[in-house]
Amino acid sequence: FVQKLGAGAIAGITGVLIVYPLDMVKTRLQNQKADAAGKLQYRGGLDCFRQVIAKEGVRGLYRGIVPNLIGITPEKAIKLAVNDFSREYWAERTKVSEDKLAIQYGMLSGATAGFCQVIATNPMEIVKIQMQVAGAQKLAPGEQRPTAMGIVRNLGLRGLYRGTPATLMRDVPFSILFFPLNSFLKLQGADEDGKTSFSVILGAGLVAGVVAASAVTPADVIKTRLQVARKPGDPVYRGIADCFQHIVKNEGPAALFKGVVPRSLIVAPMFAIALAVYELQQRILAPAVVELGSTHTTTNAPVMMLDRK
């Protein structure tokens, strides 16, 4: 269990470090609104990337990464542990082995994991988003950009969970879509012995990540709008429904999919990389686990489902 938590944390951190600049671009695109002349600051993902580099330097692409790295560790630990526990529970209730668990129970396990991970995800994301957006704001003379600790102090415990329903609306459906689809694609690419190559792991993670991330982008846009620090003149949203109506009315339905390309480019490779790193650690440590007489071997890990045996 401890090995699984550690492997998941390292895998998550590795994925975040690689794709974080794309997450910065995604947040800026989702939060931007037309000015009085109807003009947008960024013309697209590439233009946003160039502007951040020109105005804030390379370090600007990694603004807010520290709270993200701090939060990703418990997030991955919670997601893996809860998903594992839930699958074991339903396998026992339905009297089947975990690798033969019906898809509806696999989806339910993913949903449970997505629900529980928000405990760590919401505070991490709200701090990250506010730091990412702050980099694009013009400072008054003598004004300093907010720090992670400053944002935490200003928000307080209650503020750190602002927009939690929107985070749940994004993360639960994502897990319902991603984990069963990812497992199905890996099993389709397994050889006669049930073994899955790293290329199949990466491919399955990429495809499942693109599908799931694209599907829940509207929820991610709403979450970003609710969690960003408001500036004078910004609309005040009374909740998810009000935010949804405001976006559709004033920006059109297409605005709900702002940042869908960079979001897909973030989530898909991040999960593919994380799962590949996770599997590599599992394969290295698996012999030691089996030798100790574990009844729940790493090859049956519910997140990976890499070995039919």
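Calculation criteria
Residues numbered from 1 in each chain as written. Predicted model: local features only at pLDDT ≥ 70, side-chain atom pairs only at ≥ 80, totals over all residues. Heavy atoms only, no water. UniProt positions renumbered as here; feature names shortened; annotations may be inferred. Salt bridge = Lys/Arg side-chain N within 4 Å of Asp/Glu carboxyl O. Helix = DSSP H or I, 4+ residues; strand = E, 2+ residues; numbered from the N terminus. Buried < 20%, exposed > 50% of the residue type's maximum accessible area, 1.4 Å probe, protein only. Phe/Tyr/Trp six-rings, centres within 6.5 Å; stacked < 30°, edge-to-face > 60°. Axes fitted to C-alpha atoms, helices over the stretch in contact; angles between N-to-C directions. Parallel < 35°, antiparallel > 145°, perpendicular 65-115°, else oblique. Left-handed = near helix turned anticlockwise from the far one by under 90°. Contact = heavy atoms within 4.5 Å. Nonpolar A, V, L, I, M, F, W, Y, C, P; charged D, E, K, R; others polar. Expected span 1.5 Å × (residues − 1). Arc of directions from axis to C-beta.

- Going by an unreviewed UniProt entry, the protein chain carries the name Mitochondrial aspartate-glutamate transporter AGC1 and comes from Linnemannia exigua.
- If you open the UniProt record of the protein chain and go to Subcellular location (unreviewed entry), you find "Mitochondrion inner membrane".
- Annotation of the protein chain in UniProt includes, under Sequence similarities (unreviewed entry), the sentence "Belongs to the mitochondrial carrier (TC 2.A.29) family."

## A few points about the pattern of salt bridges
Then, in step 1: Applying the stated criterion to the full structure yields 15 salt bridges.
Then, in step 2: For Asp 220, the salt bridge is made with Lys 26, and the minimal N-O distance between the two is 3.1 Å. Taken together, the residues span a long stretch of sequence, with Asp 220 in helix α8 (residues 217–227) and Lys 26 in helix α1 (residues 2–31) at a distance of 194 residues.
Then, in step 3: By relative accessible area, Asp 220 is classed as buried at 0%.

## Observations concerning the packing of aromatic side chains
Then, in step 1: By the definition in use, this model includes five aromatic pairs.
Then, in step 2: For the ring pair Phe 174 and Phe 178, a centre distance of 5.5 Å and an interplane angle of 10° mean the geometry is stacked. Residue Phe 174 and its partner Phe 178 are both found in helix α6 (residues 164–188); the two are separated by four residues, about one turn of the helix. Neither Phe 174 nor Phe 178 differs from the other in exposure class; each is buried.
Then, in step 3: By way of ring pairs, the aromatic residues Tyr 89, Trp 90 and Tyr 105 are connected into one cluster.

## Considerations on the packing of α6 against helix α7 (residues 198–215)
Then, in step 1: Axis separation between α6 and α7 bottoms out at 8 Å; the angle between their running directions is 155°. One element, α6, and the other, α7, form an angle in the roughly antiparallel class. Regarding α6 and α7, the two cross each other, and that crossing is right-handed. Facing Phe 174, Leu 177, Phe 178, Leu 181, Asn 182, Leu 185 and Lys 186 of α6, the residues of α7 in contact are Val 200, Ile 201, Ala 204, Gly 205, Val 207, Ala 208, Gly 209, Val 211, Ala 212, Ala 213 and Ala 215.
Then, in step 2: Of the residues that constitute the contact of α6 with α7, the class distribution is 14 nonpolar, three polar and one charged.

## Points about helix α2 (residues 45–56)
Along an α-helix, a turn takes 3.6 residues, which lines up residues three or four apart on a common side.
Then, in step 1: Helix length check: α2, at 12 residues, gives a terminal C-alpha distance of 16 Å against a target of 16 Å (1.5 Å per residue), a fit within 8%.
Then, in step 2: Those residues of α2 that sit buried are Asp 47, Cys 48, Gln 51, Val 52 and Glu 56. Angularly, the buried residues of α2 cover 135° about the axis, an arc narrow enough to put them on a single face. Across α2 from its buried face, at more than 90 degrees, point the exposed residues Leu 46, Arg 50 and Ala 54.
Then, in step 3: At the C-terminal side of α2, Gly 57 shows a positive phi close to 80°.

## Concerning the side chain of Asp 171
Then, in step 1: If you trace the backbone, Asp 171 turns up in helix α6.
Then, in step 2: Judged by relative accessible area, Asp 171 falls into the buried class, the value being 7%.
Then, in step 3: Leaving out residues up to four positions away in the same chain, Asp 171 has contacts with Gly 114, Gln 117, Val 118 and Thr 121.

## Here we look at the UniProt feature "transmembrane region" (unreviewed entry) in the protein chain
Then, in step 1: Here the UniProt-annotated "transmembrane region" (unreviewed entry) positions come out as residues 6–23 and 197–222.
Then, in step 2: The straight-line gap between the two end C-alpha atoms of residues 6–23 is 24 Å; of that span, 100% is helix and 0% is strand.

## Describing unusual backbone geometry
Then, in step 1: We note that Lys 95 has phi near 60°; this positive angle belongs to a residue other than glycine.
Then, in step 2: The topology assignment puts Lys 95 in the loop between α3 (65–94) and α4 (103–134).

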